[in-house]
Amino acid sequence: MAREPVAPPRPPCRLYLITPPAIPDPAAFAAVLAETLDAGDVAALQIRLKDVDDAAILAAVAALAPVARARGVAVILNDRPDLAARSGCDGVHVGQSDASYAEARRIMGPQAMIGVTCHDSRELAMDAAEAGADYVAFGAFFPTGTKATTHRPDVEILSIWQETVETPCVAIGGVTPANCAELARAGADFVAVSSAVWNAPEGPAAAVRAFDAALAHAF
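Please read all numbers here as calculations on a predicted model, not as lab measurements.

**Notes on the environment of Asn78**
Assignment of secondary structure puts Asn78 in strand 3 (residues 74–78). The spatial distance from the C-alpha of Asn78 to the C-alpha of Ala68 is 16 Å, given a sequence separation of 10 residues. For Asn78, the residues in contact, after removing those within four places along its chain, are Gln46, Ile47, Arg48, Lys50 and His93. Within the structure, the side chain of Asn78 is placed 3.0 Å from the side chain of Asp79, a separation counted as a polar contact.

Right under this line is the structure:
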């Protein structure tokens with residue numbers, strides 16, 4: 001009797017770290033980032049600054065990208081494929097109100113990593129995946145003070161996505177060490193975090209260690 005094929009085990013869910021929205025002193029923050037990344041497994045660093053000019057974004061990339069790359073962490077810039085290409089980032093993340101995936105790919109080229117925010121919509125995610133996005137992001141799954149949110153998907157969207165589409169998915173929005181395992185078990189390939197790391201009372205390095213432990217015991 002022929003054996004049924006066995007699907008390979010899914011890779012473990014990993015941390016996708018997002019910077020604070022303001023970095024007044026990139027050089028000083030680079031030292032904090034180094035300690036934070038050394039504390040555990042981080043797959044990617046998204047540089048997401050708000051209400052700053054292009055020069056400030058480029059200065060942040062120049063200071064932080066070498067720290068991340070030295071540790072094998074991909075560098076993703078939020079919103080701006082033009083600056084991502086100019087500064088040599090590994091990729092860019094675009095929202096539904098930012099540059100389109102097609103524009104981002106045209107600017108960044110075929111080798112860049114491009115992620116797309118899809119809120120709570122499998123339709124938007126399917127469109128992005130079929131277009132060639134490297135990952136899609138769903139959220140916000142939990143209340144978050146990092147940014148205003150109007151979409152609140154059920155964790156089931158991660159399970160359905162994992163069962164039907166190969167493109168990796170990122171879960172974002174209010175993710176903490178206490179709830180990240182639920183998202184990992186549901187099907188998230190990555191959990192995106194910001195304030196839960198940078199505003200952690202015990203410090204960002206300890207927060208990364210806590211995420212590491214929670215994700216390691218998710219299954």
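**Quick word on the pattern of salt bridges**
Under the defined criterion, the tally for this structure stands at 7 salt bridges. The closest approach of N and O atoms between Arg69 and Asp90, which form a salt bridge, is 3.5 Å. Residue Arg69 is located in helix 2 (residues 54–69), and its partner Asp90 is located in the loop between helix 3 (81–87) and strand 4 (91–94); the two are separated by 21 residues in the primary sequence. With a relative accessible area of 37%, Arg69 lands in the partly exposed category. Judged by relative accessible area, which is 30%, Asp90 ranks as partly exposed. For Asp134, the salt bridge identified is with Arg105, shortest N-O distance 3.0 Å.

**Some details on the side chain of Gln46**
Here Gln46 is to be found in strand 2 (residues 42–47). Among the polar contacts listed, one links the side chain of Gln46 to the side chain of Tyr16, at a separation of 2.9 Å. Among all residues touching Gln46, those that are not within four sequence positions of it are Tyr16, Leu17, Ile18, Thr19, Ile76, Asn78 and His93.

**So, the sheet that holds strand 4**
Ordered by their spatial adjacency, 8 strands build a closed barrel running 1-2-3-4-5-6-7-8, and the pairing between neighbours is parallel. Neighbour-to-neighbour, the strand axes of the sheet open up by a mean angle of 25°, direction not taken into account. Examined bridge by bridge, strand 4 and strand 5 (residues 113–119) share 4 bridges and lie parallel to one another. Within strand 5, the residue paired with Val94 across the bridge is Val116.

Rules used throughout
- Residues numbered from 1 in each chain as written.
- Predicted model: local features only at pLDDT ≥ 70, side-chain atom pairs only at ≥ 80, totals over all residues.
- Heavy atoms only, no water.
- Helix = DSSP H or I, 4+ residues; strand = E, 2+ residues; numbered from the N terminus.
- Contact = heavy atoms within 4.5 Å.
- Polar contact = N/O pair within 3.5 Å; in protein donor to acceptor, adjacent residues only side chain to side chain.
- Salt bridge = Lys/Arg side-chain N within 4 Å of Asp/Glu carboxyl O.
- Buried < 20%, exposed > 50% of the residue type's maximum accessible area, 1.4 Å probe, protein only.
- Pairing = 2+ DSSP bridges.
- Axes fitted to C-alpha atoms, helices over the stretch in contact; angles between N-to-C directions.

That is the geometry; function is a separate question.
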